[in-house]
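Single-letter residue listing:
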There are 2 protein chains.
Amino acid sequence: MHEPQTNYEIRLHYKLSVQLKQEKFEHDTFQLPNVANNMMDMDQDPRKRLCFADGRRKVDYVLVYHYRKRSSVRGSPSQHRLSIISNGSYPLGVEEKDQEGGKDEPAEVVVDVGPPDPADGEKIMIREEFEGNLKDAGLEIEHDKENKAHGHAFIRLHAPWQVLSREAEFLKIKVPTKKSYELREEKGLAATMNEAWRKLNQPFQPKVPHQEQEHSRTKFLSHCFSRDKLHLQSSQSLFPGILRCPLFCLTGITTLIANGVYDSAFPLHDGDFHPSGQAEGKNDRQLLHDEWARYGAFYKYQPVDLIRKYFGEKIGLYFAWLGVYTQLLIPASVVGIIVFFYGWATVETNIPSQEMCDEDQNFTMCPLCDRACDYWHLSTACGTARASHLFDNPATVFFAIFMSLWAAMFLEHWKRRQISLNYSWDLTGMEEEEEHPRPKYETILLQKRQRKKKNKKNKNEVVTLNVFLPSQTGHEKLTWRDRLPGYLINISSILFMFGMTCSAVFSVIIYRITISALMAMSPDPEVKSNVRVTVTATAVIINLVVILILDEIYGMVAAWLTELEIPKTETNFEERLILKAFLLKFMNAYAPIFYVAFFKGRFAGRPGDYVYVFNDYRMEECAPGGCLIELCIQLSIIMLGKQLIQNNIFEIGIPKLKKLCRTLKDKERAPKEIVEQPGRRQQWHLDYDLEPFDGLTPEYMEMIIQFGFVSLFVASFPLAPLFALLNNVIEIRLDAKKFVTELRRPDAIRAKDIGIWYNILSGLGKFSVIINAFVISFTSDFIPRLVYQYMYSETGTMHGFINHTLSYFNVSNFKPGTVPSISSLGKDITFCRYKDYREPPWSTEPYQFSKQYWSVLAARLGFVILFQNLVITMSMLVAWVIPDVPKNISEQLKKEKTLLVDVFLNEEKEKLQLIQSLFSRDLTQEQQEELKVSDQTSLSSSQTAQYNHRDRFTWICSVCLKDC
Amino acid sequence: MHEPQTNYEIRLHYKLSVQLKQEKFEHDTFQLPNVANNMMDMDQDPRKRLCFADGRRKVDYVLVYHYRKRSSVRGSPSQHRLSIISNGSYPLGVEEKDQEGGKDEPAEVVVDVGPPDPADGEKIMIREEFEGNLKDAGLEIEHDKENKAHGHAFIRLHAPWQVLSREAEFLKIKVPTKKSYELREEKGLAATMNEAWRKLNQPFQPKVPHQEQEHSRTKFLSHCFSRDKLHLQSSQSLFPGILRCPLFCLTGITTLIANGVYDSAFPLHDGDFHPSGQAEGKNDRQLLHDEWARYGAFYKYQPVDLIRKYFGEKIGLYFAWLGVYTQLLIPASVVGIIVFFYGWATVETNIPSQEMCDEDQNFTMCPLCDRACDYWHLSTACGTARASHLFDNPATVFFAIFMSLWAAMFLEHWKRRQISLNYSWDLTGMEEEEEHPRPKYETILLQKRQRKKKNKKNKNEVVTLNVFLPSQTGHEKLTWRDRLPGYLINISSILFMFGMTCSAVFSVIIYRITISALMAMSPDPEVKSNVRVTVTATAVIINLVVILILDEIYGMVAAWLTELEIPKTETNFEERLILKAFLLKFMNAYAPIFYVAFFKGRFAGRPGDYVYVFNDYRMEECAPGGCLIELCIQLSIIMLGKQLIQNNIFEIGIPKLKKLCRTLKDKERAPKEIVEQPGRRQQWHLDYDLEPFDGLTPEYMEMIIQFGFVSLFVASFPLAPLFALLNNVIEIRLDAKKFVTELRRPDAIRAKDIGIWYNILSGLGKFSVIINAFVISFTSDFIPRLVYQYMYSETGTMHGFINHTLSYFNVSNFKPGTVPSISSLGKDITFCRYKDYREPPWSTEPYQFSKQYWSVLAARLGFVILFQNLVITMSMLVAWVIPDVPKNISEQLKKEKTLLVDVFLNEEKEKLQLIQSLFSRDLTQEQQEELKVSDQTSLSSSQTAQYNHRDRFTWICSVCLKDC
């Protein structure tokens, strides 16, 4: 009687199981064009090189260790034992194995830190245990067959579909379903514009399959992957590469690598790439190489989706961010160029620089150094005055405001882009996973526990047993007391580094002062005339070298300091490291620039009362054209120099050198094997030869420091965006080349955003407003000019401005010994001029700051307040006006939500109807009667009537078959 | 052969269904102590008054309409027809009704806006249709039995458990599961401290059941409600009241009320309350009344959980916010009082005020008005100088910084509290629901559509059919073009209001100037001596009255303007309304204060060159003690006056008046019925007599404006937090009384946060920094004192400060006609003094701003920059240091996540084992064989071996019984 039902169920299950197996099959056999042809020669199909020996299962991950063949090492394995227990975020298998114990502790890795390099035997033991765990988790493992005396052993892992799908379920990875929907077609003008824009953009799009999908109107609904809903999910894209990492990394491999049990662990590249790019049926790596990782493609958009598919979300986001940044640098550079040309065009009509160059207005200036220097005419500084105008003109103020808004816009734009990417990469609902603690943290924790244990043992022998209970130890954690020494060292080191940077800057200043003094005293007139150029040039180069060296040192110091803090997780570690490294490197890169912008020439004193360092050398003053031009030179040289040198030497040269070293070392170690089997090198051998990937931090850091150059002092150097743009166009392809050809494939890490970098960017943006306000009002002559024109000028024009800015000095007031010794002009001079607002010698308070000084100062400060508040308000307005979620995305999200509910409801309804008809056919009258009676006994009220028969069925079915 | 399986299934279903029905039963029979006793007299059990006529089903919601008995009104119902289609966010029932059509359109309500007041017959039709829809959705409806000629008809709705559970599933409402876990016990000092704190706090805790749970160590896991997982869910708390609203509101009831089809719609109160509070077995309303809504409980914490349970999350959050704000006002008030007393204690030793009061230093001041006023001695202003010192002393600067940090801390604290509440109210995963559009929006959209239709008809008769297709019209929306007129009116109106506020302020200034001039000219010496007091007092009172009147007007104008913008949803409407109302009311309340702080006395000119308005009246100057004291008076009067008047008149008086009106009107309309049946009044009659709830906006607005008083000008009035605190302690209980006793029960609205109010608060906090910076540096004498002490004072003390701030004026330079006409001092005076930094008459530039002026100005501006950046940096640091998510919450969240996975995994595993044993017993060898063969045919590879038998079962079972 019940046969139809059971048969139906079996049929249903069978149907679904076939479908499921089909998908499993597709993954596990690595989708060869024709499966029957699997007896092909291995060497002929390059893709076979990525597979297990059966040529069928794909190698998803590779573990490498170094071995020496010795059979007698199995020493006391029970004593030094490193046991890894999964951190419980997923079970080791669906087996009945009881995992209660393992799960109560959030993360428990017991690492015995006995001897620093445990004997090989122990390592073998640990490896066996680890690999056993991996097998328990459902992974398939292939070992090397070769038996050499020593060398690298490769353990290849394959994750069968079953394991992947389990992981996908746990990670709530979203996959597209079969249900698609049409996007609303735009009509009229908007559609035409859109189409035109698409066509115009066509040549800039990389030629990558599926990239076109982005523009199609049909979207597929996506939903968290569930093995129960396989029939709903589209089979076209199983899981993107993103599953590779969390599966393996989290099980403690980092600890093992840190302890030297394994040498390295990495996923395999998608195969080889041909530099010429003619291969047919390109793999993803080849595609990336051809369409992305070459300089010829510099004008194209990046194939971000493919990058994400190949390298994971985190790296995908980096390149997407870099792309957005570079793109937005284009308008900034254009405006910068316009501003620069505005300055260039108006230099002839600019009255102050005209006045400075005018030889009729013969301002006799006070000497620039004691005794050795002569009085001089201001018109000799004509060149710098004109150059100064290029960067110090009213357009600069506009440009500074523009760039502050640009920075706000950039951040908003990136937020939107990030949300778009999150949406198109199906990360919208991603939750943060609990992370495995870092090996270092675990070690320290263990040490602490052991110390405690020992203490307790000493005190009382009885309690020892309790200490070993996991429920006790599981709650233990490092408190601030354990970290206190680390924090103290941190603070003092950072202060020390700060002092170091300052003293570096100061020594360069001393260098400049002494050299220029010495050169000025030289009898050779040619030396004398080149003082300023020589000194400035050499000083900046020294600065640059110091910055580059300290940069490397600070990077290492930051890492060391962060280790001392013992952060618990890798994310935590990264964040702290980034903050510290940023702080140090920022300080390092900007200290000399800050000095020039805000301090240089402000403590030089005045004629007759100069400030001396070491009792002998006068503090340096700015060039007669103002400090802005010096700031500009400093900025451009440091920015360009840093970028060129870092790009060429640090990013290209050093890796090549490292690789050379490694190859040499390897050759030395095992020269025979490699020479013997050149033809049989598998993909894992090739990949192992590449450089390991060591995080995105240096890449981001470089860009953020550059962003600082672009935003912080932009008021003094409008061409900064242009240089940044040129650099970035190269940088993108350089990084791309590195990732595709020179690095092992990185673990794919899921990420929703660029993390702390966004905060740093936004902080820099805010900081740039106040810095620019100060640069405009204090470094440039913008405010004094305005004040002169509107307060002091009798004609309302700029005529007489130069005269107004120069104070008088009575040469008889020179201190003895500071008067120019040999002077061509000195004989008939009673007054010399200097640039400052001070009372003339004949006033009641000679050489005191004049009323002009205070009014200009008030105007400067007022401008800072105005500028800062205005620009911050405008930036906030920009951020408020631009919605964080692009409109089309929010519309699509809403639509998808509705549709998804529909899909599941429809599905449920269909099943319900099916089952219902089945049930009503099957259930005997007797049973129905029975159920009814039981209902009435339990509810015994008149209300029961409404929970009628159909209703109960509905409920029963929904209980059993919901989500099936 | 298959009987065991089927039997097992039936048993399983039966077991679960009994459980389910039990829960249904508990809800639907409204948990009476003994169910058998249901023949009790209705009047004896007050809770029966909340039920349907059967005394069993609880009334969840009430719809009211006004009717007149006329049987002939059924006019042409097909023409004017208002049909409501559910907005598709949930189905109208699990019935087989095809809902495809309704769901494709996101939200579609067709409202025919024919005549403004459709005939009664149409209303009856609409009501029938609407009630039919409600019934289709599973609701149970009871109508009034009474048949009177006309009056109010009450439709009572009951939502059976089935409907509630369906809604709960769709809304993903979290409910506690049976699984509980222990929180980590703190040990040692922390635990002792905690315990002591708890005990100390005990008298402040309201006596509400379950409130103690908050402190217990046992927490229950919560999970999204699912009918499939009933056995996991704890039955102790079904759904809190939160389901009442979304169920009914969303189905378009607002549209119907707006169209007059229904009079009102509200959920019922929990029963009556006894003012004395002696009732046994208190209902929630009584509890709230006793423990919350009375002044005697002013020192207690609020029972926030109970408030939320009774009124919903949105109102719960308001009171929680108000509580946090009031609590944090305590430290602010304490510091404010200390600062005030510091001023009071140091007034005797304060050199500037001593100097002002010193009659030996006889500064002869220039007259305060033309002709009528005489020269005067500064020592006569001794009183104000001393009063001024109370508020203008160095502690004020500290207090301003403190209050800025306090504001940042308050915001951070609230964020944490909000997250805690979200967590304990199980809102963490709440998603925003798509909202029903507002009636107004729909009307305008329909009009637009009709207009379009007409246009198209005129052009081409053929396309008409397409226009009616829902897929076409569903995508239509209002573009900026439709809204343009609204926006234009908005902008111009806001500008107009702005002008109005300014002119109000200006007229008060004119009033002050003219009255004081007139009074000064009065011959009566008593009038003359009271000029300042009289004028200031009357002017402030006029200001206050103007503010209060404009406040009401602006509230209405803001609502009107927002209607013009045609926002789509209610949330949208609310946000825009709030922003506009805030802008207008803020401007209104603060304009006079801004005037006093920053403009008064700054445009008065100097002796001999005064500024005149209307050619006749001199601009007013600040009192001799400085503007700060005036600012302080202005601030305190407006703040106190506004609060007192608003609390007493607007919040108590006007509602009472309104109620009186309504009662009178009702009596007039139907005097008989009410008198007739005084004993039979049901809860819905009682509730209908209460005032309808009209949103939280006025409550929030009042508090935010108060927050402005507390933060914006706190530098000038350190007692503001104290007054705010006193007001709020009363305000909380006042509001509570209103909600519990005077208002109909509001719809429970789910909300995660306080919405746009948070942004306004944070904006005010930022704005307050700059305002305080300006108040300290420009309104107070803090900076001039500092500058004098460190730049000009010869002794380094404050001696001689008063002399330094007063400039000289040669009385011979008075313009003709402005010299004092009658003067007791005037004969032997050549110089009079005035408060300003100007050159003396004997300098080369007489009466120009002196060097001191510019240096003080520079110092003032510098202080603003310093203060602003310092305080903003510190606030950011505070916000950064205080984590948004409290640590214990984030720990609990992590723990819960892990535990939840465990619970479900365990459950699944148990079922799996059960079913597995079942299957392996049942399935014949034959069938197994069959399955195996099919496997092999489909996979035909050696890999299949590993997908062994057990594996398949695992999968099949998981497919079928997962989540059961």
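None of the values given here were measured: they were computed from a predicted structure.

Some details on the overall build of chain A
Of the regular secondary structure elements, chain A holds 31 helices and 16 strands. Within the span of chain A, comprising 964 residues, buried residues form 52% of the whole. Considering only intrachain contacts with a sequence separation of at least 6, the fraction spanning at least 24 residues in chain A is 81%. Looking at chain A as shown, the accessible area adds up to about 45,500 Å², and 60% of this sits on carbon and sulfur atoms.

Digging into the state of the cysteines
Each disulfide is one covalent bond, formed between the sulfur atoms of two cysteines. Residue and element names in this part refer to chain A. Counted by the stated rule, this structure contains four disulfides over all chains. Through a disulfide, Cys366 is tied to Cys832; the S-S separation comes to 1.8 Å. Torsion about the S-S bond of the Cys366 and Cys832 cystine: about 90 degrees, corresponding to right-handed handedness. Taken together, the residues Cys366 in the loop between β9 (364-365) and β10 (376-377) and Cys832 in strand β16 (residues 831-835) connect sequence positions 466 residues apart. Residue class for Cys366 comes out buried when judged on its relative accessible area of 5%.

Side note on the environment of Phe154 of chain B
Residue and element names in this part refer to chain B. As for its position among the elements, Phe154 is in strand β5 (residues 150-158). With 564 residues separating them along the chain, Phe154 and Pro718 place their C-alpha atoms 54 Å apart. With sequence-adjacent residues up to four places away left out, Phe154 is seen in contact with Val62, Leu63, Val64, Glu142, His143, Asp144, Trp684, His685 and Tyr688.

Comments concerning unusual backbone geometry
A positive phi is found at Tyr847 of chain A, a non-glycine position, where the angle reads about 65 degrees. Counting through the fold element by element, Tyr847 of chain A comes out in the loop between β16 and α28 (851-881).

Thoughts on the nonpolar core
Trp321, Tyr325 and Phe713 of chain A together with Trp321, Tyr325 and Phe713 of chain B are the most contacted members of the largest nonpolar core, which totals 266 residues. For Tyr325 of chain B, the residues in contact, after removing those within four places along its chain, are Trp406, Phe410, Met703, Gln706, Phe707, Val710, Ala724 and Asn728 of chain B.

Points about the side chain of Lys851 of chain B
Tracing the chain through its elements places Lys851 of chain B in helix α28 (residues 851-881). Judged by its relative accessible area of 15%, Lys851 of chain B is buried. A distance of 3.2 Å separates the side chain of Lys851 of chain B from the side chain of Glu845 of chain A, its partner in a polar contact. Once residues lying within four places of it in the same chain are set aside, the contact partners of Lys851 of chain B are Glu839, Glu845, Gln848, Phe849, Ser850, Lys851 and Trp854 of chain A together with Tyr792 and Glu839 of chain B.

Quick notes on the side chain of Lys642 of chain A
All names here are of chain A. You can see Lys642 is positioned in helix α20 (residues 627-669). Taking the relative accessible area as the measure of exposure, Lys642 reaches 5% and is therefore buried. If we skip the residues at most four places from it in the chain, Lys642 touches Leu544, Ile547, Leu548, Asp551, Ala589, Ile637, Asn647, Ile705 and Phe709.

Some points on the pattern of salt bridges
All names here are of chain A. Summed over all chains, the structure comprises 41 salt bridges over all chains. Taking the shortest distance from any N to any O, the salt bridge between Glu142 and Arg156 comes out at 2.7 Å. Within this pair, whereas Glu142 is found in strand β4 (residues 140-142), its partner Arg156 is found in strand β5 (residues 150-158), the two being separated by 14 residues in sequence. Classification of Arg156 by relative accessible area gives buried; the value is 5%. Among the salt bridges present, the one from Glu620 reaches Arg512, with a minimum N-O distance of 3.1 Å. Taken together, the positions of Glu620 in the loop between β14 (617-618) and α20 and Arg512 in helix α16 (residues 480-521) put the pair 108 residues apart, joining distant regions of the chain.

What to know about helix α8 (residues 304-311) of chain A
Residues and elements named next belong to chain A. Counting buried positions over the eight residues of α8 gives six, a clear majority of the element. Considered for burial, the residues of α8 that qualify are Val304, Leu306, Ile307, Arg308, Tyr310 and Phe311. Following α8 by one or two positions, Gly312 adopts a phi angle in the positive range, close to 100 degrees.

Considerations on the packing of helix α26 (residues 782-792) of chain A against α28 of chain A
All names here are of chain A. For the pair α26 and α28, the least separation of the axes is 9 Å and the interaxial angle reads 120 degrees. Compared by their axis directions, α26 and α28 come out oblique. Seen along the crossing, α26 lies across α28 with a hand that is right-handed. When α26 is examined against α28, the residues Phe782, Ile783, Pro784, Val787, Met791 and Tyr792 are found in contact with a partner set consisting of Lys851, Gln852, Ser855, Val856, Ala859, Arg860 and Phe863. Residues that form the contact of α26 with α28 fall into these classes: nine nonpolar, two polar and two charged.

With respect to the environment of Tyr612 of chain B
Residue and element names in this part refer to chain B. Within the secondary structure layout, Tyr612 lies in strand β13 (residues 612-613). Residues Tyr612 and Lys300, spaced 312 residues apart in sequence, show a C-alpha to C-alpha distance of 57 Å. The contacts of Tyr612, once residues within four sequence positions are left out, are Asp370, Tyr617, Arg618 and Thr818.

Focus: a nonpolar patch on the surface
Residue and element names in this part refer to chain A. Together, Ile541, Val545, Ile549 and Ile553 line one region of the surface with nonpolar side chains, adding up to about 330 Å² of accessible area. Residue position: Ile553 is located in helix α18 (residues 531-565). A relative accessible area of 33% places Ile553 in the partly exposed class.

Points about the confidence of the model for chain A
Residue and element names in this part refer to chain A. Across chain A, the average pLDDT comes to 74, with 73% of residues at or above 70. Low pLDDT (under 50) marks residues 461-474, which in the prediction has 10 contacts with non-local residues, meaning those over four places away or in another chain. Overall, residues 673-678 carries pLDDT values under 50, and its contacts beyond four positions in sequence, including any with other chains, amount to three contacts. Reported confidences for the modelled complex are a pTM of 0.80 and an ipTM of 0.79.

Thoughts on the packing of aromatic side chains
Residue and element names in this part refer to chain A. A complete count under the given rule lists 105 aromatic pairs over all chains for this structure. Consider the rings of Tyr808 and Phe831, whose centres lie 6.2 Å apart with planes at 80 degrees: the pair is edge-to-face. Residue Tyr808 is located in strand β15 (residues 806-810), and its partner Phe831 is located in strand β16; the two are separated by 23 residues in the primary sequence. Given the relative accessible area of 29%, Tyr808 is considered partly exposed.

A closer look at the environment of Val527 of chain B
All names here are of chain B. As for its position among the elements, Val527 is in helix α17 (residues 525-529). Measuring from C-alpha to C-alpha, the distance between Val527 and Phe498 comes to 36 Å, with 29 residues separating the pair along the chain. If we ignore the near neighbours within four places in the chain, the residues touching Val527 are Met519 and Ser522.

Observations concerning the packing of helix α9 (residues 313-346) of chain A against helix α11 (residues 382-391) of chain A
Residues and elements named next belong to chain A. The interhelical angle for the contact between α9 and α11, taken along N-to-C directions, is 145 degrees, at an axis separation of 7 Å. In the crossing of α9 with α11, the sense of the turn from one axis to the other is right-handed. Residues Phe340, Gly343, Trp344 and Thr346 of α9 form the contact with α11, whose own contacting residues are His389, Leu390 and Phe391. When its residues are assigned to classes, the contact of α9 with α11 shows four nonpolar, three polar and no charged.

Calculation rules
Residues numbered from 1 in each chain as written. Chains lettered and ligands numbered in written order. Predicted model: local features only at pLDDT ≥ 70, side-chain atom pairs only at ≥ 80, totals over all residues. Heavy atoms only, no water. Helix = DSSP H or I, 4+ residues; strand = E, 2+ residues; numbered from the N terminus. Buried < 20%, exposed > 50% of the residue type's maximum accessible area, 1.4 Å probe, protein only. Contact = heavy atoms within 4.5 Å. Areas by Shrake-Rupley, 256 points an atom, 1.4 Å probe, with all protein chains shown as cover. Disulfide = S-S within 2.5 Å. Core = buried A, V, L, I, M, F, W, Y, C linked by side-chain atoms within 4.5 Å. Polar contact = N/O pair within 3.5 Å; in protein donor to acceptor, adjacent residues only side chain to side chain. Salt bridge = Lys/Arg side-chain N within 4 Å of Asp/Glu carboxyl O. Axes fitted to C-alpha atoms, helices over the stretch in contact; angles between N-to-C directions. Parallel < 35°, antiparallel > 145°, perpendicular 65-115°, else oblique. Left-handed = near helix turned anticlockwise from the far one by under 90°. Nonpolar A, V, L, I, M, F, W, Y, C, P; charged D, E, K, R; others polar. Patch = residues over 30% accessible without salt bridge, like charges linked within 9 Å, V, L, I, M, F, W, Y side chains within 5 Å. pLDDT = per-residue confidence, 0-100. Phe/Tyr/Trp six-rings, centres within 6.5 Å; stacked < 30°, edge-to-face > 60°.

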